Amino acid sequence: MIKISPKWIDTARSITGEDHLGIQAYSISFYSKLFPGFTNLTQRVRYYSIYPWFLSNYIKLIGVKNNRKKWRDFLRRCEFLYALVSTIDSNEKSVVGAQRAKNILSETYKKIDFSKYTDMSKDSDDQYWAQSYGGYGQYYLGSLKSLDIIFFEDDSEIEYLGENGKLLVKALDEIIPSSISDKFFKIAKSGNVGIKALEELSIYLKPSNIDNNSEEGKALRKILLEDVNYASDQNRIGSFKLLLTIMNQCEQSEELTYNNLRYILLHKSYTNGDKINIPTDLKCYADNWTAFFVGELTNYSLETLFWASLQRMKNNNNMNINSFSVDMAKYIANVNQKPKIWSKLEVKNFNFPEFLSSIYQRIKINDKDWYKKKFSTYYLIEGIKESIYDDNINDACFFSILLFAKIYNQYHDSQELYDVYNPDTEMGERFSEINPHIVLNNEYLNSNIGVEEGLYGLLNYYIFQRHLKVALAKLRIPPHQSTFKFVLRDSNIEWLEDITPTFTGPRIKTAMNFLEDLNLIDRPKLKLTKLGKTYLK
């Protein structure tokens, strides 16, 4: 007989988490498709050359292909030495281990024993990087593999150089004098370095030192901006060209910043209202980026309503989820409005789609006035941010409904959006359960139900029930962390913690860094260089 005995299990650790409604999973997948080959964390393009250079010299100098521990130790020494080299006399950004390197350099003018910050065998709390294989393993490895810079084989414990990796190593070997290369790896082996040596190495190795006409610059531009080995490569090239086209046509460059780019891509026009002249071959990429930002704004408006609901939930723990949904829908429909946009009579007499349409007609602005004008997308998002900062539930609901009405009326029947989310497409099939097109065309937005009933459906099914389902799904995945913001206890809601509505990071910052490192654009004005204009042609 099998003996069964009860046993207490550990409570899942609660974490803040992200993507509380599951819509941002679509966004992340979408921008990964549009900008493959790098991530939000692979910030400097020279690492695409430097890491294969490390690997090549490891094989050359150590010669032990099947000892991953030796490769790890060699890599960590090289990576942190490179951080010291890159930060010795410059303000280089996004260097792996830069903060630790800067702290060390600010405290000493003598020889540095950097091995105590890299060697995992040493008992030290000052490791430059917690992950075993440093920033290489945590940030860059997957991207390097996707671009055939490195690859893996079953019979080896370390990586091999792919064809693009060999190309980049050859290019670096041509521009870095052998005396500099020998010195770098000799110092890496010793684990000690002086300030003078760092300054000498910095001249050739820091991330911003990619010469326009060098073989390295040509190879990196070829790999990232020209080669098409997979369908995903064409997406990356098209997205890069779209960014360069926007910058090339923009006359008010002082207003063209990263933060403005998302609105420019959404509206396909500049901050002064001028439309972007999008070449035919780039239209599909422009449409995809528009669809991406529609998803971002849809999620942002719903997460804002979720934030407001959680604030009111703190004092309503004795209500079941249906009663609370009814109460919250009534609250939203009757918020104080400044300025007045809808009336109580309209709430009573309009169906939900008519209600959203009437709101849109009253806040509709000229297409040329989308930037920073009253009721523009920018204006509404800033209103939401300010409301949340001030803990103003009323105004957060007000601005969120205005934003949702705007997005719904502009895009729910958009052919561009349908083409992206068509169930027959890859994205449509993968996110058939929840995506912006489904949310903007749900049954509550396409029927004659009343305003409060429509808000009830949006809240209950697309926010509350959706959150419980997403949090439960995350709980099943190791290490089994809880992201619930409320739970049902004895059929009643119980508030746990708040959220902060967020946008994802669609790799545009990394793309801009790459374009700058490759000398295709100048910052801070985001103007194309002569090389950038030549490439675009």
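Residues numbered from 1 in each chain as written. Predicted model: local features only at pLDDT ≥ 70, side-chain atom pairs only at ≥ 80, totals over all residues. Heavy atoms only, no water.

Regarding the overall build of the protein chain
Moving on, step 1. Each helix and strand in the protein chain was counted, giving 23 helices and eight strands.
Moving on, step 2. C-alpha extents for the protein chain along the principal axes are approximately 80 × 75 × 45 Å.
Moving on, step 3. Looking at the protein chain as a whole, 55% of its 537 residues qualify as buried.
Moving on, step 4. As displayed, the protein chain has an accessible area near 25200 Å², and 48% of this comes from carbon and sulfur atoms.
Moving on, step 5. Averaging the locations of the 68 positively and 66 negatively charged side chains of the protein chain gives two centres separated by 3 Å. (Helix = DSSP H or I, 4+ residues; strand = E, 2+ residues; numbered from the N terminus. Buried < 20%, exposed > 50% of the residue type's maximum accessible area, 1.4 Å probe, protein only. Areas by Shrake-Rupley, 256 points an atom, 1.4 Å probe, with all protein chains shown as cover. Lys, Arg positive; Asp, Glu negative; His and termini not counted. Charge placed at Lys NZ, Arg CZ, Asp CG, Glu CD.)

A few points about the packing of aromatic side chains
Aromatic ring pairs are reported here in terms of the distance separating the ring centres and the angle at which the planes meet.
Moving on, step 1. Taken as a whole, this structure holds 48 aromatic pairs when the rule is applied.
Moving on, step 2. Relative to Phe-185, the ring of Phe-184 lies with its centre 5.1 Å away and its plane at 80°, an arrangement referred to as edge-to-face. Exposure class is identical for Phe-184 and Phe-185. Each is buried.
Moving on, step 3. A cation over a ring is seen here: Arg-68 above Tyr-133, with NZ or CZ 4.4 Å from the ring centre. (Phe/Tyr/Trp six-rings, centres within 6.5 Å; stacked < 30°, edge-to-face > 60°. Lys NZ or Arg CZ within 6 Å of the ring centre and 35° of its normal.)

A few points about the pattern of salt bridges
Moving on, step 1. Taken as a whole and judged by the stated rule, the model has 21 salt bridges.
Moving on, step 2. Each member of the salt-bridge network shares a partner with another, and the members are Lys-69, Arg-72 and Asp-73. (Salt bridge = Lys/Arg side-chain N within 4 Å of Asp/Glu carboxyl O.)

As for unusual backbone geometry
Moving on, step 1. Put simply, Lys-338 and Pro-339 share a cis peptide bond, and its omega is 0°.
Moving on, step 2. Tracing the backbone through its elements, the reader meets Pro-339 in the loop between α13 (321-333) and α14 (344-349).
Moving on, step 3. One non-glycine residue, Ser-94, lies in positive phi territory at about 60°.
Moving on, step 4. Its location among the elements puts Ser-94 in the loop between α3 (68-87) and α4 (98-107).
Moving on, step 5. Using a relative accessible area of 35% as the deciding quantity, one classes Ser-94 as partly exposed.
Moving on, step 6. Positive phi, close to 60°, is recorded for Asp-148, a residue that is not glycine.
Moving on, step 7. One can find Asp-148 in the loop between α5 (134-146) and β2 (150-151).

Brief notes about the nonpolar core
Moving on, step 1. In this structure, Phe-54, Trp-71, Phe-184, Leu-198, Trp-289 and Trp-342 are the most contacted members of the largest nonpolar core, which totals 167 residues.
Moving on, step 2. Excluding its chain neighbours within four sequence positions, the residues that come into contact with Leu-198 are Leu-81, Leu-84, Val-85, Ile-88, Leu-105, Ile-112 and Val-193. (Core = buried A, V, L, I, M, F, W, Y, C linked by side-chain atoms within 4.5 Å. Contact = heavy atoms within 4.5 Å.)

Describing the environment of Lys-374
Moving on, step 1. Relative to the assigned elements, Lys-374 resides in the loop between α15 (352-363) and α16 (377-389).
Moving on, step 2. When its relative accessible area of 46% is taken as the criterion, Lys-374 is described as partly exposed.
Moving on, step 3. Residues Lys-374 and Met-328, 46 residues apart in the sequence, show an inter-C-alpha distance of 27 Å.
Moving on, step 4. Ignoring sequence-local partners within four residues, the contact set of Lys-374 consists of Pro-339, Ile-365 and Tyr-379.

Details of the environment of Gly-295
Moving on, step 1. Note that Gly-295 resides in helix α12 (residues 283-313).
Moving on, step 2. In this structure the C-alpha to C-alpha distance between Gly-295 and Ser-27, which are 268 residues apart in sequence, comes to 6.8 Å.
Moving on, step 3. The residues touching Gly-295, leaving out its near neighbours within four places in the chain, are Ile-23, Tyr-26 and Pro-436.

Some remarks on α15
Moving on, step 1. For α15, spanning 12 residues, the distance from its first C-alpha to its last is 17 Å, which sits close to the expected 16 Å at 1.5 Å a residue.
Moving on, step 2. Buried residues of α15: Phe-352, Pro-353, Phe-355, Leu-356, Ser-358, Ile-359, Tyr-360 and Ile-363, and no others.
Moving on, step 3. In the core, the buried residues of α15 are packed alongside α14, α17 (393-411) and α21 (451-476).
Moving on, step 4. At the N-terminal end of α15, a side-chain oxygen is found 2.8 Å from the backbone nitrogen of Glu-354, two or three residues along, and the residue is Asn-351. (Expected span 1.5 Å × (residues − 1). Polar contact = N/O pair within 3.5 Å; in protein donor to acceptor, adjacent residues only side chain to side chain.)

Observations regarding the packing of helix α7 (residues 178-190) against helix α8 (residues 195-205)
Moving on, step 1. α8 packs onto α7 with a crossing angle of 125° between their chain directions and a minimal axis gap of 10 Å. By the criterion of interaxial angle, the relationship of α7 to α8 is oblique. Seen from above, α7 lies across α8 with left-handed handedness. Across the interface between the two elements, Ile-180, Lys-183, Phe-184 and Ile-187 from α7 touch Ala-197, Glu-200, Leu-201, Tyr-204 and Leu-205 from α8. (Axes fitted to C-alpha atoms, helices over the stretch in contact; angles between N-to-C directions. Parallel < 35°, antiparallel > 145°, perpendicular 65-115°, else oblique. Left-handed = near helix turned anticlockwise from the far one by under 90°.)

Structural notes on the packing of helix α2 (residues 47-61) against α7
Moving on, step 1. Contact pair α2 / α7: the axes reach a minimum separation of 12 Å and the direction vectors enclose 75°. It follows that α2 is roughly perpendicular to α7 by the angle criterion. Listed contacts from α7 to Trp-53, Phe-54, Asn-57 and Leu-61 of α2 are Ser-181, Phe-184 and Phe-185.
Moving on, step 2. Taken together, the residues of the contact of α2 with α7 sort by class into five nonpolar, two polar and no charged. (Nonpolar A, V, L, I, M, F, W, Y, C, P; charged D, E, K, R; others polar.)

Describing the environment of Leu-168
Moving on, step 1. Here Leu-168 is to be found in helix α6 (residues 163-175).
Moving on, step 2. When the C-alpha atoms of Leu-168 and Glu-107 are compared, they prove to be 35 Å apart, with 61 residues separating the residues in sequence.
Moving on, step 3. Not counting the four nearest positions on each side in its chain, Leu-168 is found in contact with Tyr-48, Ser-49, Ile-149, Ala-219, Leu-220 and Ile-223.

A few points about the pairing of strand β5 (residues 486-489)
Remember that side chains alternate between the two faces of the sheet whenever the strand is regular.
Moving on, step 1. Alignment of β5 against strand β6 (residues 492-495), held across four bridges, turns out to be antiparallel. Across the sheet, Val-487 pairs through a bridge with Glu-494, a residue of β6. (Pairing = 2+ DSSP bridges.)

Regarding α6
Moving on, step 1. An ideal rise of 1.5 Å per residue puts 18 Å on 13 residues; α6 measures up with 19 Å between its terminal C-alpha atoms.
Moving on, step 2. Among the residues of α6, Asn-164, Gly-165, Leu-168, Val-169, Ala-171 and Leu-172 are the ones counted as buried. Axial view of α6: buried residues confined to an arc of 160°, hence all on one face. Summarising the geometry of α6, the exposed residues directed more than 90 degrees from the buried face are Glu-163, Lys-170 and Glu-174.
Moving on, step 3. Close packing links the buried residues of α6 with α2, β3 (160-161) and α9 (215-225). (Arc of directions from axis to C-beta.)

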